[in-house]
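Fold and contact review
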Amino acid sequence: MRFREVDEGGCRIWLGAIESRCGRGYTAAVVVEHHRPDGRRCELLRDEDIACGYRWDTADAALAYALARGREAVRRHGAGADRRAAA
């Protein structure tokens, strides 16, 4: 198992690469949490079996895919906040 944390755009992204139970390779997991200015936290995304359990050849590849999914959630959240502020 390999884990990593990344801060991006007011959010914390947790990434995981877990040895597959169904053979060689690694599955990926991601959790994205937004940290609000008032100190509260809001979970934006939790996917503990990314791509329906697809197996990447390496832990680094699984982590890279999970990071891309996490960053996508952060971007979507930011775009939604921009639309809400403009309304």
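In short, a report on the structure. Just so it is clear, the structure is predicted and the values come from calculations on it, not from any experiment.

What counts, and at which threshold
- Per chain, the residues get numbers from 1 upward, laid out in the order the sequence is written.
- Thresholds applied to this predicted model are a pLDDT of at least 70 for local features of residues and 80 or more for the giving and counting of side-chain atom pairs; totals over whole chains, interfaces and linings are not thresholded and use all residues.
- For side-chain calculations, the full set of non-hydrogen atoms in the structure is used, while hydrogens and water are omitted.
- The term salt bridge refers to a pairing of a side-chain nitrogen on Lys or Arg with a carboxyl oxygen on Asp or Glu at a separation within 4 Å.
- Note on classification: 1.4 Å probe, protein chains only; a residue is buried when its accessible area is under 20% of the maximum for its type, exposed when over 50%, partly exposed between these limits.
- A run of H or I in DSSP counts as a helix once it spans at least four residues, and a run of E counts as a strand once it spans at least two, with each numbered from the N terminus.
- What makes two strands pair is DSSP finding at least two bridges between them.

1. Considering the pattern of salt bridges
Any two side chains of opposite charge can pair, on the condition that their charged atoms come close. Counted by the stated rule, this structure contains 10 salt bridges. With its nearest N and O atoms 2.9 Å apart, the salt bridge here joins Glu48 to Arg46.

2. Points about the pairing of strand β3 (residues 26–35)
Where a strand is regular, its side chains alternate between the two sheet faces. Counting buried residues in β3 gives eight out of 10 residues, a clear majority hidden from the surface. By the bridge criterion, nine bridges tie strand β2 (residues 11–19) to β3 in an arrangement that is antiparallel. Residue pairing across strands places Ile18 opposite Thr27, the latter belonging to β3. Here β3 pairs with strand β4 (residues 41–47) via six bridges, running antiparallel. Within β4, the position partnered with Val30 by the bridge is Asp47. Between β3 and β4, which pair antiparallel one after the other, the connecting turn spans five residues, and Gly39 there sits at a positive phi close to 95 degrees.

3. Overview of the pairing of β2
One ladder, built from seven bridges, connects strand β1 (residues 2–8) with β2; its direction is antiparallel. Along β2, the bridge assignment pairs Glu5 with Trp14. Remark: two residues form the turn of the hairpin made by β1 and β2, two consecutive strands paired antiparallel; Gly9 in that turn has positive phi of roughly 55 degrees. Connecting β2 to the next strand, β3, in antiparallel fashion are six residues, including Gly23 with a positive phi near 125 degrees.

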